[in-house]
Amino acid sequence: MAISPLMPVYPRCEVAPVRGEGCYLYDAAGKEWLDFASGIAVNLLGHGHPHLTAAIQKQAATLMHVSNLYGSPQQQSVAERLVALTFADTVFFTNSGAEAVECAVKTARAYHYATGNPQKYRLITFSNAFHGRTLATISATDQEKLRKGFEPLPDWFHVVPFDDLAAAEAAIDDSVAGFLVEPIQGEGGVRPASAAFLKGLRDLADRHGLMLVLDEVQCGVSRTGTLFAHEQYGVTPDIMAIAKGIGGGFPVGACLATEKAATGMVAGTHGSTYGGNPLAMAAVNAVLDVAATPEFLAQVREKGDRLRAALEQMIPNHALFDHVRGMGLMLGLKLNGDSRAFVSLARKFGLLLVAAGDNVVRILPPLVIEEHHIRECVEKLSATAAAFDDREAA
Ligand SMILES: *Cc1c(COP(=O)(O)O)cnc(C)c1O
């Protein structure tokens, strides 16, 4: 048999971690990597954080799972906590980001159905978006590499250029239910939307009775220095999908909505076997205990500024580096060269990063990094750049 037991959908690299500690990962032979990828913006508190680990251990021994057919005081209290911290009035818990986006899309459509406009089923989305790998979420992007081999896909989304308000406005017709957008595109290349664009979408949504749905799966949960990125734009969504950092490594996501936006989400319209189980809720509670305080958020902003300044200082030393973009500790280093090859070479220098579109290297460290981690990252980036140039020259 030629196929591997593990379905070969990932071109897996040589790094095979078996243990994590703080901002570092180790393989079976003890080789160490500085983890500035964080499992793609997931391990917010680094690896083996004592508060998160203890909360999960304790809950696992007490009650791991019960069906959503029963009452869940654990889910109730985390929902209340998220409602108190955000624009939202109500929360649905999922197991992943794509499921959170699915729930967000269903919520937007159900609103129009319930308010007498069942013809409004389509969401306007944006070029190079990434919303997940389910059939609905790959339909929401124009990225060929995600869609290829799975077409025909449904016409539930209308993709227009990112950060182009006029194009978004021109796409509005009677079939449109709202907008679905990442405030900062992650996979697409760490591209923050302009404030004028996000504010403009809010304004269009208000004028046309549409839903503004934000995908904060990657940029949300303290990563940018505010609990959610939209806070820095002064824009409030009707519906928001989150995941990644919210469990700190435990698989959990959520769809948050205002009371009005959730009008159609009545009993029987949605569900999930695992969604919001007590173990997931223990993880979310522990993450929020640490990462949702004003002091922690201030530190993320401070570390983000320091990391950014350190990267900017390094840029003139290497023709390979073009510029830094992003917000807080969600940073992108734009290269004049292939970002995938660079990320692969950085691994040899003991540094984990994530490639993104537009030849950008994503720098997504745990939010608990210290000054010495920033120095180490910059040293390793410089060493990688020098080796990259040599490689090109060879
Ligand atoms: C990762 C990601 C998703 C999908 O999350 P999964 O947990 O992989 O399903 C959706 N939207 C954005 C912006 C993401 O970065």
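Residues numbered from 1 in each chain as written. Predicted model: local features only at pLDDT ≥ 70, side-chain atom pairs only at ≥ 80, totals over all residues. Heavy atoms only, no water.

Caption draft 1: Just the site of the ligand, in detail. Around the ligand lies a shell formed by Ser 96, Gly 97, Ala 98, Phe 130, His 131, Gly 132, Glu 182, Asp 215, Val 217, Gln 218 and Lys 244. One of the backbone N or O atoms of Phe 130 is found 3.3 Å from a nitrogen atom in the ligand. For the ligand, whose free accessible area comes to 380 Å², the fraction covered by protein is 81%. Counted by class, the shell around the ligand contains three nonpolar, five polar and three charged residues. (Near = heavy atom within 4 Å. Polar contact = N/O pair within 3.5 Å; in protein donor to acceptor, adjacent residues only side chain to side chain. Areas by Shrake-Rupley, 256 points an atom, 1.4 Å probe, with all protein chains shown as cover. Nonpolar A, V, L, I, M, F, W, Y, C, P; charged D, E, K, R; others polar.)

Caption draft 2: Inspection of the pattern of salt bridges at higher detail. Applying the stated criterion across every chain yields a total of 17 salt bridges. Ionic pairing is found between Arg 347 and Glu 14, a salt bridge with its closest N-O pair at 3.2 Å. Of this pair, Arg 347 sits in helix α12 (residues 339–348) while Glu 14 sits in the segment before β1 (17–21); the two residues are 333 residues apart in sequence, bridging distant segments of the chain. Judged by relative accessible area, Glu 14 falls into the partly exposed class, the value being 45%. Where Arg 325 meets Asp 358, a salt bridge forms, and the shortest distance between an N and an O atom there is 2.9 Å. You can see Arg 325 sitting in strand β13 (residues 321–327) and its partner Asp 358 sitting in the loop between β16 (354–356) and β17 (360–363), a full 33 residues away along the chain. For Arg 325, a relative accessible area of 15% puts it in the buried group. Residues participating in the shared-partner salt-bridge network are Glu 14, Arg 347 and Lys 348. (Salt bridge = Lys/Arg side-chain N within 4 Å of Asp/Glu carboxyl O. Helix = DSSP H or I, 4+ residues; strand = E, 2+ residues; numbered from the N terminus. Buried < 20%, exposed > 50% of the residue type's maximum accessible area, 1.4 Å probe, protein only.)

Caption draft 3: Structural detail: the sheet that holds strand β14 (residues 330–335). Spatially, four strands are ordered β13-β14-β17-β16 in an open sheet, and the strand pairing comes out antiparallel. The open sheet has two free edges, formed respectively by β13 and β16, since each of these has just one partner strand. The sheet shows a mean angle of 30 degrees between the axes of neighbouring strands, direction not considered. The sheet contact formed by β13 and β14 spans six bridges and is antiparallel. Within the sheet, the bridge partner assigned to Met 327 lies in β14 and is Met 330. Each of β13, β14 and β17 touches helix α11 (residues 294–314); the most contacted strand, β13, lies at about 170 degrees to it. (Pairing = 2+ DSSP bridges. Axes fitted to C-alpha atoms, helices over the stretch in contact; angles between N-to-C directions. Contact = heavy atoms within 4.5 Å.)

Caption draft 4: Structural context of a nonpolar patch on the surface. A contiguous nonpolar surface patch, about 400 Å² in accessible area, is contributed by Met 7, Val 9 and Tyr 10. Its place among the elements puts Met 7 in the segment before β1. Residue Met 7 is classed as exposed on the basis of its relative accessible area, which comes to 62%. (Patch = residues over 30% accessible without salt bridge, like charges linked within 9 Å, V, L, I, M, F, W, Y side chains within 5 Å.)

Caption draft 5: A look at the domain arrangement of the protein. Per the domain assignment, the segments of the protein are domain 1 (17–49 + 294–393) and domain 2 (63–291). Between the C-alpha centres of domain 1 and domain 2 the distance comes to 27 Å. Between domain 1 and domain 2, the contact holds 29 residues from the first and 28 residues from the second. Both sides together, the interface formed by domain 1 and domain 2 hides about 2300 Å², and carbon and sulfur atoms give 67% of it. Considering only the side of domain 1, the residues that lose the most area to domain 2 are Leu 44, Met 327 and Met 330, jointly responsible for 30% of the buried surface there. Linking domain 1 with domain 2 are zero salt bridges. Between domain 1 and domain 2 we count eight residue pairs in polar contact (both at pLDDT 80 or more) in total. (Domains from an automatic or database assignment. Buried area = accessible area lost by both parts, 1.4 Å probe.)

Caption draft 6: Examining the sheet that holds strand β15 (residues 351–352) more closely. The sheet built from four strands is open, its strands ordered β1-β2-β3-β15 with mixed pairing. The open sheet is flanked by β1 and β15, the only strands paired with a single partner. Strand direction decides the pairing type here: strand β3 (residues 32–35) and β15, joined by two bridges, are parallel. Paired with Leu 34 across the two strands is Leu 351, which belongs to β15.

Caption draft 7: Inspection of α11 at higher detail. Taking 1.5 Å as the rise per residue, α11 with 21 residues should run 30 Å; its terminal C-alpha atoms sit 30 Å apart, in good agreement. Residues Phe 296, Leu 297, Val 300, Lys 303, Gly 304, Leu 307, Ala 310, Leu 311 and Met 314 constitute the buried set of α11. Projected down its long axis, α11 carries its buried residues within an arc of 145 degrees, all on one side. Turned more than 90 degrees away from the buried face of α11, the exposed residues are Pro 294, Glu 295, Asp 305 and Gln 313. (Expected span 1.5 Å × (residues − 1). Arc of directions from axis to C-beta.)

Caption draft 8: Up close: the pairing of strand β12 (residues 253–257). Most of β12 sits out of view: five of its five residues are buried. Of the two faces of β12, both are covered, the one formed by Gly 253, Cys 255 and Ala 257 as well as the one formed by Ala 254 and Leu 256. One ladder, built from five bridges, connects strand β4 (residues 90–94) with β12; its direction is antiparallel. Bridging from a neighbouring strand, Thr 94 pairs with Gly 253 of β12. Direction of pairing for strand β11 (residues 239–242) relative to β12: antiparallel, over a ladder of four bridges. Bridge pairing in β12 places Ala 241 opposite Cys 255.

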